[in-house]
Amino acid sequence: MIDGTCQTFVSDCHVRTAVELINHAWDPVVLSALRAGPTRRNDLLERIAGISDKVLTQALQRLRARGLIARQGNDERVPGRRGVVYELSPLGESFANGPLAQLAQWAAAHQAELLEPAATS
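Residues numbered from 1 in each chain as written. Predicted model: local features only at pLDDT ≥ 70, side-chain atom pairs only at ≥ 80, totals over all residues. Heavy atoms only, no water.

Draft legend 1. Up close: the nonpolar core. Ranked by size, the top nonpolar core spans 19 residues in total, and within it Val30, Leu31, Leu34, Leu44, Leu60 and Ile69 carry the most contacts. At the level of elements, α2 (27-34), α4 (53-65), β3 (85-88) and α5 (90-97) are the ones that each hand at least two residues to this core. In this structure, Val30 is in contact with Ile48, Ile51, Leu56, Ala59, Leu60 and Leu63, ignoring residues within four places of it in sequence. (Core = buried A, V, L, I, M, F, W, Y, C linked by side-chain atoms within 4.5 Å. Buried < 20%, exposed > 50% of the residue type's maximum accessible area, 1.4 Å probe, protein only. Helix = DSSP H or I, 4+ residues; strand = E, 2+ residues; numbered from the N terminus. Contact = heavy atoms within 4.5 Å.)

What follows is the structure, encoded as structure tokens:
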């Protein structure tokens, strides 16, 4: 798509790479929650309604492995609180504030259409 040579269903298509970033249901939610700034894991659990401890841990591991978030072990990131904090990496920030935010805006603008049952012909 980007250079005109990406064909539908080709394994090295750039669209596939992009979709893999949001393949897990909670990963984009965690990225969006981290847009507010460096956050401790327990605060993320409270901020993200409905996510379990296990699922959050798995999402954080996946996002770190992809280089989208960083794990910091110093207490200067969140004043007054010690321990590990998670934050968007520069790559994660560009994704969360760019295409992911645009996708969320598109979904919000078309929410009613997306929730309506498909018309049968």
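Draft legend 2. Highlighting α2. Of all eight residues in α2, six are buried, a share of seventy percent or more. Looking at α2, one finds that the buried residues are Asp27, Pro28, Val30, Leu31, Ala33 and Leu34.

Draft legend 3. Representation of a nonpolar patch on the surface. The grouping of Leu103, Trp106 and Leu114 at the surface amounts to a nonpolar patch, some 310 Å² of accessible area in total. If you trace the backbone, Leu114 turns up in helix α7 (residues 111-115). (Patch = residues over 30% accessible without salt bridge, like charges linked within 9 Å, V, L, I, M, F, W, Y side chains within 5 Å. Areas by Shrake-Rupley, 256 points an atom, 1.4 Å probe, with all protein chains shown as cover. Salt bridge = Lys/Arg side-chain N within 4 Å of Asp/Glu carboxyl O.)

Draft legend 4. Structural view of the environment of Ala59. Here Ala59 shows up in helix α4. A relative accessible area of 0% places Ala59 in the buried class. As a C-alpha pair, Ala59 and Val30 span 29 residues in sequence and 7.4 Å in three-dimensional space. Here Ala59 is in contact with Asp27 and Val30, once residues within four sequence places are set aside.

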